[in-house]
Every structure is written in C-alpha cells, then in structure tokens.
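Structural features, examined
Each chain is listed here by its residues.
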Amino acid sequence: PEGSFRRTWSLIGRPLRWIYWLPLGLGFTQYFYTLKTIRGRSMQPTLNPDTSGWDDIVVFDRYAINSGEPIRKGDIVALRDPIDSRKMIVKRIVAVAGDVIKTLPPYPDAEVFVPEGHVWVEGDEPFRTLDSNKFGPVPLALVDSKLTYIIWPLNRVGPLRPPVSPVSKRGDSRDFRWYSDMAAFEREQRRQSRVTTCSTTSSQQNTGSS
C-alpha cells in the first residue's frame, strides 16, 4: 500500500507543484517583466533588422509603467492599438505631453500639440508603420510596458541603448557596424528636430517680445 501511494503521489505531485507556482509566474509577468516576440517590420532597423533571419525576442518592463516611472522620449513601448484594442503594437515615444510635433503624412495637420496624459508614438520605419501619424496622440493609459532588453538572436543580446554618434580612431576603417550606428544616430536627430518642447516654445516667445 505504501509503495502504491508513493507511485500515485509521484504521478500527481509534479502537476500540483506547477499549479502551486502558477499564480506567482502569472503575477510576475502581469506586474513586472514579460517576454514578447517582435513581429513585422515597423520598428526596423532597431528591431527585426533585415540583417537578421530571426524575429527579435525582447524583455518588456511592466513594473516601470505600473509604478509611475516617467515615460521618456526615445523609449520603445508596447501599447494597446488605439484602433483595435485586441492588438498590442510596439512603437517609439517621439513626443510627450506639452510638446509640439511636426507630423508626417497622412496626418491632416502640419503640427500637433500633445495634450496632458498623452504621448506621440511612431515606428522607426516610416513607410511600414501605423502610428500617431494615422491615429494622433495616444492616452498614457494604453501604454503597457517598456522595452529594456533583447535576448534573441544571440548576436544582438543586450540592453536597448539610445543611439549615439559612433567614434572611430584616426586610421581605423569604418565597418558595417559603424555605418549602422551612424544611421541610427541620424534618424534620432531627425526625430528630435521635429519636436519642440513647451519650455523651448515659451522661451522663443519671450525672446521675441522683449
């Protein structure tokens, strides 16, 4: 009888252990960190670049959003699609509340003031993205999480860092990585040039009236 009990327990014990830990795992992904596979090409070349044969697998930080940590320009976030709430989309924060942004087609207005509690999001690949240039400023309540780390493919593993101008020593040849980093930096500069912060606008008005 004892041997039979042990065999029975060994059969049901493992599923019971999974059930015991399941709420913890669900809570962790719901409130702290979650893994997502990036689909599509709207965030190229930052994510899913043509040089990779794999879809990127990344870590998104939900705790930062849930705890009220400020969302900054340049952050890549996952958010509910404002047009179809069943879908999650991944975009870059280009402007935040108080900013004035010069829009891109097909948005009907040349400039938009981002109201309080909203952000302006865009894909890095402007010809393959459905973003704020289509649906306008997005409520912060739709933002789910912030991308922090790439874990696949292995040759791209690492934290997501803001684009910086690459530096090459005199005499060194400029390889593909250098040109790729420079292109990313120039794209970021172009994005920033389209955004005017509220403080900058006020300063220019005060200068003009003095």
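Residues numbered from 1 in each chain as written. Predicted model: local features only at pLDDT ≥ 70, side-chain atom pairs only at ≥ 80, totals over all residues. Heavy atoms only, no water.

A few points about the pattern of salt bridges
- Enumeration over the complete set of coordinates arrives at 13 salt bridges.
- Where Asp-124 meets Arg-92, a salt bridge forms, and the shortest distance between an N and an O atom there is 2.7 Å. Residue Asp-124 is found in the loop between strand 7 (118-122) and helix 3 (132-135), and its partner Arg-92 is found in strand 4 (residues 88-96); the two are separated by 32 residues along the sequence.
- Bridged by salt links that share partners, the residues Arg-92, Asp-124, Glu-188 and Arg-191 form one connected network. (Salt bridge = Lys/Arg side-chain N within 4 Å of Asp/Glu carboxyl O. Helix = DSSP H or I, 4+ residues; strand = E, 2+ residues; numbered from the N terminus.)

Considerations on the nonpolar core
- With 12 residues, the main nonpolar core is built from Ile-65, Ile-71, Val-77, Leu-79, Ile-89, Ile-93, Val-96, Val-119, Val-121, Phe-135, Val-138 and Val-143.
- Contributions of two or more residues to this core are made by strand 3 (76-80), strand 4 and strand 7.
- By residue number, the principal contributor to this core is strand 4, which donates 3 residues.
- Aside from chain neighbours lying at most four places away, what touches Val-143 is Ile-65, Ile-71, Val-77, Ala-78 and Leu-79.
- Counting residues in each nonpolar core, the second largest holds 10 residues, with Ile-38, Val-58, Leu-147 and Ile-150 among its members. (Core = buried A, V, L, I, M, F, W, Y, C linked by side-chain atoms within 4.5 Å. Buried < 20%, exposed > 50% of the residue type's maximum accessible area, 1.4 Å probe, protein only. Contact = heavy atoms within 4.5 Å.)

Observations concerning unusual backbone geometry
- Cis rather than trans, the peptide bond between Gln-44 and Pro-45 has omega equal to 0°.
- Looking at the element boundaries, Pro-45 is found in the loop between strand 1 (33-37) and strand 2 (57-61).
- Even without being glycine, Asn-48 reaches a positive phi, approximately 50°.
- With respect to the helices and strands, the residue Asn-48 is situated in the loop between strand 1 and strand 2.
- With a relative accessible area of 5%, Asn-48 lands in the buried category.

Some points on the sheet that holds strand 5 (residues 100-102)
- Across the sheet, 3 strands lie side by side as 6-5-11; this open sheet has antiparallel pairing. On the outer flanks of this sheet lie strand 6 (111-113) and strand 11 (195-196), each paired with one strand and no other.
- Relative to strand 11, strand 5 is paired through 2 bridges, and the arrangement is antiparallel. When the bridges of strand 11 are listed, Val-100 appears paired with Thr-196. (Pairing = 2+ DSSP bridges.)

Re the confidence of the model for the chain
- Per-residue pLDDT for the chain averages 83, and the proportion of residues at 70 or more is 79%.
- Contacts from residues 200-210, a stretch scored under 50 in pLDDT, to residues over four places away or in other chains number 1 contact. (pLDDT = per-residue confidence, 0-100.)

Some details on the pairing of strand 9 (residues 143-152)
- Here strand 2 pairs with strand 9 via 5 bridges, running antiparallel. Within the sheet, the bridge partner assigned to Ile-57 lies in strand 9 and is Trp-152.
- In this structure, strand 9 lies alongside strand 10 (residues 158-159), joined through 2 bridges in antiparallel fashion. The residue of strand 10 that forms the bridge with Tyr-149 is Pro-159.
- Remark: 5 residues form the turn of the hairpin made by strand 9 and strand 10, two consecutive strands paired antiparallel.

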